[in-house]
Amino acid sequence: LYQSLLASCSDWEWTVDVAGRITSLTGGLTKLLGRPASQLKGSRFADFARFARDGITDLTDLPEFKRQAGFRDCDILLRGAQGAEHRQRIAGVPQFDPANGTFLGFCGTGLDLTREAAFEAALSDSHRRLESTALELRQKNVALQQALAESEAASLAKAGFLAGMSHELRTPLNHVMGYAEAI
């Protein structure tokens, strides 16, 4: 039951000893790394993963590991079999000997966040492009408003010019027509 529960809420499980050396791994992680779990026993997380937290190079560097306290949401980047990085989130709890309370190491779970990280990157890229397009549209809208104002001003100037020209032409023509009628 315990293994079924773990399998339903995580992609892989791990255990390490007091020195942070791997004592067991499940298949989910070994598939990503392209190596069987037996080859990873005795290695450390730093041998195949990079921690996302600043200043943390291995599991034993975690303050929680040093305090022998549980931790959650610790992101690591695994170097996969084809060289690609896979974002993983691990959580762990300390293990103690039930007989004498001696610290034995940690056991924990890992969750593959590679797809979620790719979606987040794509979403962030789409958001940047959308903001850029919105800025461009605002700038074009300002330019169109300026062009409309200039067009309206030109239209008013044209109407004023035509009204003036009509008046200037009509006055002499009225005189000419008046003389023509008189003659």
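Conventions we followed
Residues numbered from 1 in each chain as written. Predicted model: local features only at pLDDT ≥ 70, side-chain atom pairs only at ≥ 80, totals over all residues. Heavy atoms only, no water. Core = buried A, V, L, I, M, F, W, Y, C linked by side-chain atoms within 4.5 Å. Buried < 20%, exposed > 50% of the residue type's maximum accessible area, 1.4 Å probe, protein only. Helix = DSSP H or I, 4+ residues; strand = E, 2+ residues; numbered from the N terminus. Contact = heavy atoms within 4.5 Å. pLDDT = per-residue confidence, 0-100.

S.K.: Help me out: how do you make sense of the nonpolar core in this one?
M.R.: Membership of the largest hydrophobic core comes to 25 residues, with the highest contact counts inside it found for Trp14, Phe45, Phe48, Leu59 and Ile90. Those elements giving two or more residues to this core turn out to be strand E1 (12-16), strand E2 (22-25), helix H2 (27-33), helix H3 (37-40), strand E3 (49-51), strand E4 (71-79) and strand E6 (103-112). The element best represented in this core is E4, accounting for four residues. Look past the residues within four positions of isoleucine 90 in its chain and what remains in contact with it is Trp12, Trp14, Phe45, Phe51, Leu59, Phe71, Arg72, Asp73, Cys74, Ile76, Thr109 and Gly110.

S.K.: Which parts of the structure should I look at to understand the confidence of the model for the chain?
M.R.: Where the model shows low pLDDT, its predicted coordinates should not be examined in detail. With 93% of its residues at a pLDDT of at least 70, the chain reaches an overall mean of 86. Confidence, expressed as mean pLDDT per element, reaches its minimum in the chain at helix H1 (residues 2-9) with 52 and its maximum at helix H4 (residues 63-67) with 95.

S.K.: What's the story with the side chain of serine 43 in this structure? I'm lost.
M.R.: Secondary-structure assignment places serine 43 in the loop between H3 and E3. Of the residues examined, serine 43 reaches a relative accessible area of 12% and is grouped as buried. When residues no more than four places from it in sequence are discounted, the contact partners of serine 43 are Gly20, Arg21, Ile22 and Phe48.

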